[in-house]
Amino acid sequence: MFRKVITVFILGYYSVFCSAQQVRSSKSSEIYRELKTLKNIPKVLYLAAHPDDENTGLLSWLINEQNVETGYLSLTRGDGGQNLLGTEQGAALGLIRTHELLEARKLDGAQQFFTRAIDFGFSKNTTDTFKQWDADIITADIVWVIRKFRPDVIICRFPPTAAAGHGQHAASAVLAEKAFKLAGDKNAFPDQLKYVNVWQPKRVLWNTFRFGSNNTTAEDQLKVTVGQYDAQLGIGYGELAGLSRSLHKSQGAGTQSVAGIKTEYFSHVAGEPSKSTLFDSVIKSWTEKGNADIDQSLDKIISAFNFNQPDLSLTALLVLRKKVMALQNSDLKKDKLKSLDQIILSCAGFMGEVVTNQAQAVAGDQYNFRLNLISRAENPVIVDNVKWLDKSESFNRKLSKDSLITIEHKIQIPADAILTEPYWLSKPATNAATFSVPNDTLIGLPEAESPLNVLLDLKIGSEKFKVKLPLSFKKLDPVRGDVVEALRIVPAVELKFMQPLYLVKENEDLHLSLNFKINSNKPFNNGKLNLMYNGERLGSTDVNSINGKDFNIDYTIPKAKLASIKSNRLQLDANYLVDGITYNKKQVLIQYPHLPSLQYFAPATVTVMKGDIQEKVKKVGYIEGAGDFIPEFLRIAGIQVDILKDADFYGSPDGSGGNGSLNKLSQYDAIILGVRANNTEKKLGRWMPFLWSYVKAGGNLVMQYNTNQDTTVNQLGMYNFNIANKRVTEENSAVKFLDRDHKLLNFPNKITTDDFNGWVQERGAYFPDQWDAAYEPLFEMHDTGEEPLQGSTLYAKYGKGNFIYTTLAFFRQLPAGNVGAARLFLNFLSAQKN
């Protein structure tokens, strides 16, 4: 179902509506489906480990064909994945993937939930997973979502066995069954019962699958036919699923929209077994709940619904609302009243928004806003009262049909307004694999409700509604048209180092530059900038008379001070103290065309790599792959990096390449292929012959890892090797050197096992498992209890040059400031200098 997600809160005899940024009415086809869903009592919770694990075809069918309220619980936000769009990793990638899921849910109509679990990267089994995840914490989160959403059926995407293909996948099934057994137990997580009641779902099922050669389906399993054509959507549910799944753009998850029916299979896990349907023995209707009059009213409303004039249903809907309000208070009543009130506002054609021209605002400052209201119904909508942030204004105005009302008003942002950022990133994580949240009632939510709202008192007929309109930013984009996003609250002053990391060699001073971003016109005088390391001040300088303009400050830390710090990786913190207030945050702003602007704040810190880091190359060419940080790191190291394009390979006067192209490439000490370049750069097939000629003539080619998915070139090396799904996920696994005298391990940096200390998340992935005898493997490593792998780095001599294929995760290690990884990577680039 295509619809705008609107949240409704019940306050006494009122309903409170709020949406992401606007309250907008649904289309007639959506209203019709919402009415049919209002008739149905069952709920389904689909559960897996990551964004894009869900079976979108099944979700689309449940919501649009069965008209059953359905949610997807992803245990993580996908923080440990890879990013095909840009350089974001970790929490930033998790934020991107959260909103890709929300965009997908807007298409298929499901609700979205999360736990506090952090995706720490690939794990091979549940034992590895539960070394990172606290099973009790994540179980409590699942129980909370079950008690709050109250599903009758829980469907797992994966089994608890190796067939799941990923330790976190299997762990999701283990925890789902555990939570199912505890959700109805009042002695389990009793603190939750201050906010929710116990709830016992009817059953847990496993949605078995056929992934390639891995077939877990069987004909004796419960079978359901999905994928039917929906005339109101104009496509089948399989086609809708393809559109929904393709919104996971950061993962390159573009999926075919497949027409036609298919069979889904289900294996019983726990609870009462199903014999014929997913909903055997589940209460399905209002009549079964003892409220036949509500069923009868809905039947009449649905039968009489006019797609061209949905407002004709308002009178009957308002009568129905009185019946629902008369029910005894219950969670079911609250849920259905939310849906009913959304339907009523949609039938009234109501739209409301509070917008400003400013994308960002500072607590305590005042801004001009516009309140826009309109209704499209003959049955009048009356605005009784408008409550601005700090005061109420009696209004008592009828919204004339199809006539926009605009009210301009100055709003002062409260002095204590919190910064706009995801609630799960507002506090440091409790450990490496669990987010910390400021309020436990936020657990499960994809994002927190906006705290800054204008509240409307509306009346339709004799029924009263309260509608929340979040403060928003609205602009006309020349390409996208109207863009409406959340108003982002930012600090008055932001600090940011001008480089993401610094590299300083032994016996050198460290020269830093900080940017002061000023978001307020308020003057700042007699402030002090402090540079800190491990809580101790390394230095400070006075910063006076800030007049509303951004500026930079340069600062030098003497080599003597650096020498007193023994670590080769330093994290420096900056803070600006003025008027008794400490400013120490930098904004991280993420903007992609398929997502709203995303913002969070990180400490004003920078990583300094210090030590014996030698480089012998001056100029390299780089073929971009999936977004990674390596070109920027190399520039920080003082190396010129040219991003190679078509013109660099077709450099002869007649445009045919040949010697002109070879001469152009020969200027580079090394050429590097970015991570997954063979998956993302579709011109690589044309370029490879020139690259082999470059190597044969004496060049040095360093290729980072690729996968076998959507490849451009079948043979990446001049000698064959086979890429496999082999990896070492234990970042501290022992590394054996197969030839300590190899030139790649000795020039210009002497590589030892110490250079593999402090790596993050993994050693590497997609190791080759077979290769031509011309290759020399450099290392041997393995995860606990597994066979040794030697495919992490392969070296071959070709003509006068060198070819290096490495699957080591430099794209993770270099942004983390790992000195050993930097030394090794610079050795790879220097192969031809030795």
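Basis of the calculations
Residues numbered from 1 in each chain as written. Predicted model: local features only at pLDDT ≥ 70, side-chain atom pairs only at ≥ 80, totals over all residues. Heavy atoms only, no water. Helix = DSSP H or I, 4+ residues; strand = E, 2+ residues; numbered from the N terminus. Rg over C-alpha atoms; globule rule 2.2 N^0.38 Å. Buried < 20%, exposed > 50% of the residue type's maximum accessible area, 1.4 Å probe, protein only. Contact = heavy atoms within 4.5 Å. Areas by Shrake-Rupley, 256 points an atom, 1.4 Å probe, with all protein chains shown as cover. Pairing = 2+ DSSP bridges. Axes fitted to C-alpha atoms, helices over the stretch in contact; angles between N-to-C directions. Core = buried A, V, L, I, M, F, W, Y, C linked by side-chain atoms within 4.5 Å. Parallel < 35°, antiparallel > 145°, perpendicular 65-115°, else oblique. Left-handed = near helix turned anticlockwise from the far one by under 90°. Nonpolar A, V, L, I, M, F, W, Y, C, P; charged D, E, K, R; others polar. Polar contact = N/O pair within 3.5 Å; in protein donor to acceptor, adjacent residues only side chain to side chain. 1 Å grid on protein atoms, 1.4 Å probe; cavity = no way out; pocket = protein on both sides within 12 Å on 5 of 7 lines; lining within 4 Å. Points joined across faces, edges and corners; volume = space filled by probe spheres on them. pLDDT = per-residue confidence, 0-100. Expected span 1.5 Å × (residues − 1). Phe/Tyr/Trp six-rings, centres within 6.5 Å; stacked < 30°, edge-to-face > 60°.

### What to know about the overall build of the protein chain
Looking only at helices and strands, the protein chain features 18 helices and 45 strands. What you see for the protein chain is a C-alpha radius of gyration of 30 Å, in line with the 28 Å of a compact globule of 834 residues. Each principal axis of the C-alpha atoms in the protein chain carries an extent, and together these give about 85 × 75 × 65 Å. The burial tally for the protein chain puts 56% of its 834 residues in the buried class. Across the protein chain, every contact between residues at least 6 apart in sequence was considered, and the portion connecting residues at least 24 apart equals 73%. Of the roughly 34,300 Å² that the protein chain leaves accessible, carbon and sulfur atoms contribute 47%.

### A short note on the sheet that holds strand 10 (residues 222-226)
One open sheet holds the seven strands; their spatial order is 5-4-3-6-7-13-10, and the pairing between them is mixed. Here the strands that pair on one side only, and so sit at the sheet edges, are strand 5 (111-114) and strand 10. Neighbouring strand axes in the sheet, compared pairwise and without regard to direction, differ in orientation by 30° on average. Both strand 3 (residues 43-48) and strand 6 (residues 153-156) contribute to a ladder of four bridges, which runs parallel. Residue pairing for strand 6: Val44 is matched across the bridge by Val153.

### Let's talk about the environment of Pro768
Structurally, Pro768 can be placed in strand 41 (residues 764-771). Residue classification places Pro768 among the buried positions, given a relative accessible area of 4%. Between the C-alpha atom of Pro768 and that of Ser513, which follows or precedes it by 255 residues, the distance is 42 Å. Ignoring sequence-local partners within four residues, the contact set of Pro768 consists of Phe721, Asn722, Ile723, Ala724, Gly791, Leu794, Tyr805 and Thr807.

### A closer look at the environment of Asn584
Tracing the chain through its elements places Asn584 in the loop between strand 31 (581-583) and strand 32 (585-590). Expressed as a C-alpha distance, the spacing of Asn584 and Glu494, which sit 90 residues apart in the sequence, is 6.9 Å.

### Notes on the environment of Val467
Tracing the chain through its elements places Val467 in strand 21 (residues 463-477). For the pair formed by Val467 and Leu456, sequence separation is eleven residues and the distance between their alpha carbons is 5.0 Å.

### With respect to the nonpolar core
With 92 residues, the main nonpolar core has Phe350, Leu456, Phe516, Leu572 and Tyr576 as its most contacted residues. Here this core takes seven residues from helix 10 (residues 331-347), the largest share from any one element. Of all hydrophobic cores here, the second largest spans 45 residues; its members include Phe113, Trp133, Val196 and Val588.

### Digging into the side chain of Asp755
As for its placement among the helices and strands, Asp755 is situated in the loop between strand 40 (735-737) and strand 41. The buried category is assigned to Asp755, whose relative accessible area is 8%. What Asp755 contacts, discounting residues up to four positions off in sequence, is Lys750, Asn818, Gly820, Ala821 and Arg823.

### Overview of the sheet that holds strand 29 (residues 551-557)
The strand order across the open sheet formed by three strands is 24-26-29, and the pairing between neighbours is antiparallel. Looking at strand neighbours, the two that pair on one side only are strand 24 (493-497) and strand 29, the edges of this open sheet. Put simply, the sheet's adjacent strands are angled 25° from each other on average, direction ignored. Looking at chain direction, strand 26 (residues 510-518) and strand 29 are connected through seven bridges and run antiparallel. Considered in strand 29, the bridge of Leu510 is made with Ile557.

### Brief notes about the packing of helix 8 (residues 292-304) against helix 9 (residues 314-325)
Helices that pack against each other are described as a pair by the angle of their axes relative to one another and the distance between those axes. Interaxial distance between helix 8 and helix 9 falls to 10 Å at its minimum, and their mutual angle equals 165°. The pairing of helix 8 with helix 9 is recorded here as roughly antiparallel in orientation. Helix 8 and helix 9 meet at a crossing whose hand is left-handed. In this structure, helix 8 contributes Asp293, Ile294, Ser297, Leu298 and Ile301 to the contact, and helix 9 contributes Ala316, Leu317, Leu320, Lys323 and Val324. Taken together, the residues that form the contact of helix 8 with helix 9 break down as seven nonpolar, one polar and two charged.

### Digging into helix 18 (residues 819-829)
Helix 18 sits mainly inside the fold: eleven of its eleven residues count as buried. Val819, Gly820, Ala821, Ala822, Arg823, Leu824, Phe825, Leu826, Asn827, Phe828 and Leu829 are the residues of helix 18 that are buried. Here helix 18 starts with a cap whose side-chain oxygen sits 3.1 Å from the backbone nitrogen of Gly820, and that cap is Asn818.

### A word on empty space enclosed by the protein
The tally for this structure, following the rule as stated, stands at four cavities of 30 Å³ or more. Looking at the largest cavity, its volume works out to about 100 Å³. For the lining of the largest cavity, the residue count by class is five nonpolar, seven polar and two charged. Along its surface, the second largest cavity is lined by Phe113, Trp144, Val145, Lys148, Phe149, Ile443, Gly444 and Leu445. The dominant element in the lining of the second largest cavity, judged by the number of residues it contributes, is helix 5 (residues 135-149), at four residues. For the lining of the second largest cavity, the class distribution of residues is six nonpolar, one polar and one charged.

### Here's the deal with the confidence of the model for the protein chain
Do not read the predicted coordinates in detail wherever pLDDT is low. Residues with a pLDDT of 70 or more make up 96% of the protein chain, whose mean pLDDT is 93. Across residues 1-19, where pLDDT falls below 50, the model places 78 contacts with residues more than four positions away in sequence or in other chains.

### Details of unusual backbone geometry
Of note, the amide linkage connecting Phe747 to Pro748 takes the cis form, showing an omega dihedral of -5°. With respect to the helices and strands, Pro748 occurs in the loop between strand 40 and strand 41. If you check the backbone angles, Asn507 has positive phi at about 65° while not being a glycine. A relative accessible area of 69% places Asn507 in the exposed class. In this model, Asn534 sits at a positive phi of 50°, which is unusual for a non-glycine residue. With respect to the helices, strands and loops of the structure, Asn534 is situated in the loop between strand 27 (527-533) and strand 28 (536-543). For Asn534, a relative accessible area of 65% gives the class exposed.

### Description of the packing of helix 9 against helix 10
As a packed pair, helix 9 and helix 10 sit with axes 10 Å apart at the nearest point and diverge in direction by 165°. Here helix 9 is positioned roughly antiparallel relative to helix 10, judged by the angle of their axes. Crossing hand, helix 9 versus helix 10: left-handed. Of the residues in helix 10, those in contact with Leu314, Leu317, Leu318, Leu320, Arg321, Val324 and Met325 of helix 9 are Lys333, Leu337, Leu340, Asp341, Ile343, Ile344 and Cys347. Residue composition of the contact of helix 9 with helix 10, by class: eleven nonpolar, no polar and three charged.

### With respect to helix 16 (residues 684-696)
Under the 1.5 Å per step criterion, the end-to-end length of helix 16 is 18 Å for 13 residues, consistent within 8% with the ideal 18 Å. Buried residues of helix 16: Leu684, Trp687, Met688, Phe690, Leu691, Trp692, Tyr694 and Val695, and no others.

### Observations concerning the packing of aromatic side chains
One pass over the structure, following the stated rule, counts 32 aromatic pairs. Their ring planes at 40° and their centres at 6.4 Å tell us that Phe649 and Phe690 sit as a pair that is tilted. Of this pair, Phe649 sits in helix 13 (residues 646-649) while Phe690 sits in helix 16, placing them 41 residues apart in sequence. As far as burial versus exposure is concerned, Phe649 and Phe690 are alike and both buried. On the numbers, 4.5 Å between centres and 40° between planes, the contact of Phe721 with Tyr805 is tilted.

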